[in-house]
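Report on the structure
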Amino acid sequence: ITVVKSGNPHDADIEDNDFAEFEDFEDGVEVLEDEDRAEFPDDVEVQQQKEGGAEGEDDEETTIENEDDDDEFEHFTDEDEFIGFDKGQSPSSGKSKDKLPNLKMTEVPGHLRTNWDSFYMEILMLAGLAVYFLNFIHGKNKNHKLAQAWLQSNRDLLESNFHIVGDDGSTKEAQAGTLMKESENVYALWCSGRSALEGMLVELRLLKRQDLISTMTNMFKPASDQILVTIDLDKNVMDKFVFAIAMKRSCAKLHKEMIDLSQFTEKKNLDKYSDMPSSYQLLSEVGEASNALLDKKVCQVLTKFEGQVEFMHFSDQFCGAKSQDESQATKMPEVKPVMIFCFNVPGKGKSKPTDMEQMKPLLQLVFYCLEKVSRLQLGKEARNKSEKNRKKAEEQFLKAAHSQLQEAAQLRREEKRRNEKERIMNEEDPDKTRKWEERESRREMKRKQPKMKMMKI
Amino acid sequence: MRVNQQVLNSLDDLVHIGKKRWTKLAKMLDRFLYKPPQPGGPSDDPTPDYMNLLGMIFSMCGLMMKLKWCAWAAVYCSFISFANSRTSEDTKQMLSSFMLSISAVVMSYLQNPQPMTPPW
């Protein structure tokens, strides 16, 4: 379609308004369809040429106009000035299509404001905290129920044996029935007021059911709740011996960690005790004491409650476990006679309050052993043997402490000599320094001389 | 009046036995106070202290380096340390570790309200 623009044929008087040029445009535009063109091919071409010519004149006019402009910028197209500049090529047509940089539009999200579901990590975190808190409440209540169940089922036996049961020592008057809560999974009961002992501490070391992580580790590595009974005996009630019977899995650890067991006892086999279960191991210092303690009744209880009695440790030289740091103590550790019993609650971590009630016979075992130990009197020979062991242990200790004291003295001496040397070096008076050097060399000579012994004939 | 020596001895024995019984009876009424276990002993559980320390470190990282997952980890550490804490432990320590970890979370979201990007 060729658009032919025809001028204002009648030279009509054009009002001077803003839309003047559009008026011409609306009247005169004729759209020549192809068919019309066939009828007047020449005229149209002539007209086009005219227009072309007219345009050309216009161009010329415009070029005339341009000519004045070009002179002004002539020096830009001077080939001498610019190397590689081709006069014929117009700057605009120089760039071919393929050199145009392909602009990659980056994806801008529809709108920058986020909505709730993009906070999925935060929701996960909060959910984890909620689960942890719920498990904390549940575990705490479960532990509390287990501890109370143990106390209720053993209260009458304890009250028949002790004057004070459940005293936390916080008030002047003795309390009763207080189960002290050390933490969410450790409860303690202190009883005192009985002959032959100062006090008995029962520690209920339950599993950490309140901690989700421990609960999950217990699923993979099952463990059981433990009850640790520690009796502080009176002085001179217990004869001089150290004895322990433990499950094989904890015997090695006990033998290595406990100072008194590692110093005084050795591993003994249990063949001569006919009805003793094979999963136990004996650590004994005086055979006579072990025979007296592992009587028929005790062996039956250990057989019946095999696995529930973890270990029994009786010792008059108890001073706790070995300390972590290697430094040798310079003072003899304080020893005291104790009886320690460790029981496992049945149920392997899934214990119920009824399991706690079945632990009553084991508490009776504690009192039975207490009576036996307080009545046990060693024979002369056994007592001499244990006295000798204690003396030997004391000497070993003093020797170790002595060597440590010697090392400390040596260090102090060297420190003193170094200070003296520094003082002399800073000394201005040459005589003093010479005298000091002579004294030092004489001392060195005397030290180097071989030590000769004078033989009196 | 001469009292038979034997009678005297038996009286002494009676007194002696009585004394022994009496001391035994007195002992029964003796009250020995409970000595709580020393902190740091072998039976002492180190978990709450370690978790407390870890919580403090995570809170510092959350605050200084504006890492959101560190701040959340600090909140978890405070919770675990609270769950395993001993009743004898003072509550101020527990409260300060909670406050520090929660402030780390709040500050990291105030500075950059965008959702958290997991560390992996």
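Residues numbered from 1 in each chain as written. Chains lettered and ligands numbered in written order. Predicted model: local features only at pLDDT ≥ 70, side-chain atom pairs only at ≥ 80, totals over all residues. Heavy atoms only, no water.

If you look chain B up in an unreviewed UniProt entry, it shows as Protein Asterix from Mizuhopecten yessoensis. Recorded under Sequence similarities (unreviewed entry), the UniProt text for chain B is reproduced unchanged: "Belongs to the Asterix family." Listed in UniProt under the heading Subcellular location (unreviewed entry), the comment for chain B reads: "Membrane". (UniProt positions renumbered as here; feature names shortened; annotations may be inferred.)

The next subject is the overall build of chain B. Helices and strands together make up the secondary structure of chain B, namely four helices and zero strands. Each helix and strand of chain B, ordered N terminal to C terminal, gives the series α-α-α-α. Within chain B, the fraction of its 120 residues that count as buried is 29%. For chain B, the proportion of contacts with a sequence separation of at least 24, taken over those separated by at least 6, is 68%. Within the structure as shown, chain B displays about 8300 Å² of accessible surface, and the carbon and sulfur contribution to it stands at 69%. (Helix = DSSP H or I, 4+ residues; strand = E, 2+ residues; numbered from the N terminus. Buried < 20%, exposed > 50% of the residue type's maximum accessible area, 1.4 Å probe, protein only. Contact = heavy atoms within 4.5 Å. Areas by Shrake-Rupley, 256 points an atom, 1.4 Å probe, with all protein chains shown as cover.)

Counting its secondary structure elements, chain A contains 13 helices and 12 strands. Across the 457 residues of chain A, 35% fall into the buried class. A sequence separation of at least 24 residues applies to 69% of the contacts in chain A between residues at least 6 apart.

Once that is clear, we can look at the pairing of strand E11 (residues 309–318) of chain A. Residue and element names in this part refer to chain A. Among the 10 residues of E11, 10 are classified as buried, and the element is accordingly described as predominantly covered. In this sheet, E11 lies alongside strand E8 (residues 242–247) in antiparallel orientation, the contact comprising five bridges. Looking across to E11, one finds that Ala244 is bridged to His313. (Pairing = 2+ DSSP bridges.)

Residue and element names in this part refer to chain A. Of all eight residues making up strand E7 (residues 226–233), seven are buried, and the element is well covered by its neighbours. Where strand E6 (residues 197–205) and E7 come together, eight bridges link them in antiparallel fashion. Paired with Leu204 across the strands is Ile227, a residue of E7. Alignment of E7 against strand E12 (residues 336–344), held across seven bridges, turns out to be antiparallel. Bridge assignment links Thr230 to a residue of E12, and that residue is Ile340.

Before going further, it helps to examine the environment of Tyr76(B). Within the element layout of this structure, Tyr76(B) appears in helix H3 (residues 68–83). A C-alpha to C-alpha distance of 7.8 Å links Tyr76(B) and Gly55(B), two positions 21 residues apart in sequence. With residues up to four places along the chain from it excluded, the contact list for Tyr76(B) reads Leu124(A), Met125(A), Gly128(A) and Leu129(A). At a separation of 2.8 Å, a polar atom in the side chain of Tyr76(B) contacts the main-chain carbonyl oxygen of Met125(A). (Polar contact = N/O pair within 3.5 Å; in protein donor to acceptor, adjacent residues only side chain to side chain.)

On the surface, a cluster of positive charge is contributed by Arg412(A), Arg413(A), Lys416(A) and Arg417(A). Here Arg417(A) lies in helix H12 (residues 380–425). (Patch = residues over 30% accessible without salt bridge, like charges linked within 9 Å, V, L, I, M, F, W, Y side chains within 5 Å. Salt bridge = Lys/Arg side-chain N within 4 Å of Asp/Glu carboxyl O. Lys, Arg positive; Asp, Glu negative; His and termini not counted. Charge placed at Lys NZ, Arg CZ, Asp CG, Glu CD.)

Residues and elements named next belong to chain B. Taking 1.5 Å per residue, 18 residues should reach 26 Å; helix H2 (residues 47–64) reaches 26 Å between its end C-alpha atoms and fits that length. Taken together, the buried positions of H2 are Pro48, Asn52, Gly55, Ser59, Cys61 and Gly62. Along its buried surface, H2 packs onto H3 and helix H4 (91–111). At the C-terminal side of H2, Lys66 shows a positive phi close to 55 degrees. (Expected span 1.5 Å × (residues − 1).)

Let us look at the environment of Asp316(A). All names here are of chain A. Considering the arrangement of structural elements, one finds Asp316 in strand E11. Residues Asp316 and Val242, 74 residues apart in the sequence, show an inter-C-alpha distance of 6.4 Å. Excluding residues within four positions of it along the chain, Asp316 makes contact with Met238, Asp239, Lys240, Phe241, Val242, Val335, Lys336, Pro337 and Arg390. Separated by 2.8 Å, the side chains of Asp316 and Arg390 make a polar contact.

Residue and element names in this part refer to chain B. Looking at chain B, pLDDT values average 78 and 64% of them are 70 or higher. Per-element confidence in chain B ranges from a low mean pLDDT of 57 for helix H1 (residues 5–29) to a high of 94 for H3. With a pTM of 0.67, the predicted complex shows an ipTM of 0.75. (pLDDT = per-residue confidence, 0-100.)

So, about the pattern of salt bridges. Residues and elements named next belong to chain A. Within this structure, the stated rule accounts for 20 salt bridges over all chains. A salt bridge links Asp156 to Lys360, with the shortest nitrogen-to-oxygen separation between them at 3.5 Å. Of this pair, Asp156 sits in helix H4 (residues 120–161) while Lys360 is found in helix H11 (residues 360–375), placing the two residues 204 residues apart along the sequence. Between Asp316 and Arg390 there is a salt bridge whose closest N-O contact spans 2.8 Å. Of the two residues, Asp316 sits in strand E11 while Arg390 sits in helix H12, which places them 74 residues apart along the sequence. Each of the two residues, Asp316 as well as Arg390, counts as buried. Among the charged side chains, a network of salt bridges with common partners joins Arg194, Glu371 and Arg375.

Residue and element names in this part refer to chain B. With their axes 8 Å apart at the nearest point, H2 and H3 run at an angle of 160 degrees to one another. Considering the angle they form, H2 stands roughly antiparallel to H3. Helix-helix and strand crossings are classified by hand; for H2 and H3 the assignment is left-handed. Residue-level contacts link Pro48, Met51, Asn52, Leu54, Gly55, Phe58, Ser59, Cys61 and Gly62 of H2 to Trp69, Cys70, Ala71, Ala73, Ala74, Cys77, Ile80 and Ser81 of H3. In terms of residue class, the contact of H2 with H3 is built from 12 nonpolar, five polar and no charged. (Axes fitted to C-alpha atoms, helices over the stretch in contact; angles between N-to-C directions. Parallel < 35°, antiparallel > 145°, perpendicular 65-115°, else oblique. Left-handed = near helix turned anticlockwise from the far one by under 90°. Nonpolar A, V, L, I, M, F, W, Y, C, P; charged D, E, K, R; others polar.)

Once that is clear, we can look at unusual backbone geometry. One non-glycine residue with positive phi stands out, namely Ala196(A), at about 80 degrees. The topology assignment puts Ala196(A) in the loop between strand E5 (186–194) and E6. Among the residues examined, Ala196(A) registers a relative accessible area of 16% and is labelled buried. Look at Lys66(B): it is not a glycine, yet its phi comes out positive at around 55 degrees. Note that Lys66(B) resides in the loop between H2 and H3.

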